[in-house]
Amino acid sequence: MKKTSLFLIITIITASFGNSVYSQKENRRHGDIYPLDIKGFIEKRNMYLTEKLSLTTEEAAKFLPVDNELMRKKFEAGRNCHQLGRKIHEKKDRSEEAYAALLKCREEAKAKRFELEKKYMEKFKDILSCEQIIIYERATKDFLDEYMKNKK
């Protein structure tokens, strides 16, 4: 009787553990453990920046769409690199040529992001004070750190 009970308990625990692992795999997208809710991310980020920069309603209405546009363009600048990195990982292609292509792609994306930041900084100066722009630069990094820490 004790052996049967013990076997049943172990079977139930093992089955429930396997089910939770399977459900986690179902939520994964491209190897991500926590798929990103883009809308929720942007909403939280906008609220965070509004608070940290002490934006008025008018400033927020002008600034946030421009900032969101910059964020989207920076993401798009690196999209090809992310896809190339995934292909290397999925194909298990660990050749020097594949990694060289990925490095080149990352360098180009970094340069494009830098140019975008330079261009949008001029737009930000029309909306925000220089002090707010300095706070913005720190707040964007702080938000991402907090967001990722809370996702885990």
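Look up a bit, the structure's there.
What you are looking at is a predicted structure, and each value in this text was computed from that prediction instead of being measured.

### Let's talk about the overall build of the chain
- If you tally the helices and strands in the chain, you get five helices and zero strands.
- Of the regular secondary structure in the chain, the N- to C-terminal order runs α-α-α-α-α.
- Looking at the chain as a whole, 23% of its 152 residues are labelled buried.
- Taking all contacts inside the chain whose residues are at least 6 apart in sequence as the whole, residues at least 24 apart take part in 73%.
- A total of about 11900 Å² of accessible surface is found on the chain, and carbon and sulfur atoms cover 58% of it.

### Side note on the pattern of salt bridges
- One pass over the structure, following the stated rule, counts six salt bridges.
- The residue Arg72 makes a salt bridge to Glu76 at a minimum N-O spacing of 3.2 Å. With Arg72 and Glu76 both in helix 3 (residues 57-91), this residue pair falls four residues apart, about one helical turn.
- Between Arg138 and Asp142 there is a salt bridge whose closest N-O contact spans 2.9 Å. One end of the pair, Arg138, and the other, Asp142, are both in helix 5 (residues 130-151), four residues apart, so they sit about a helical turn from each other.

Calculation criteria
Residues numbered from 1 in each chain as written. Predicted model: local features only at pLDDT ≥ 70, side-chain atom pairs only at ≥ 80, totals over all residues. Heavy atoms only, no water. Helix = DSSP H or I, 4+ residues; strand = E, 2+ residues; numbered from the N terminus. Buried < 20%, exposed > 50% of the residue type's maximum accessible area, 1.4 Å probe, protein only. Contact = heavy atoms within 4.5 Å. Areas by Shrake-Rupley, 256 points an atom, 1.4 Å probe, with all protein chains shown as cover. Salt bridge = Lys/Arg side-chain N within 4 Å of Asp/Glu carboxyl O.

Take it as geometry only, folks, not as evidence of what the structure does.
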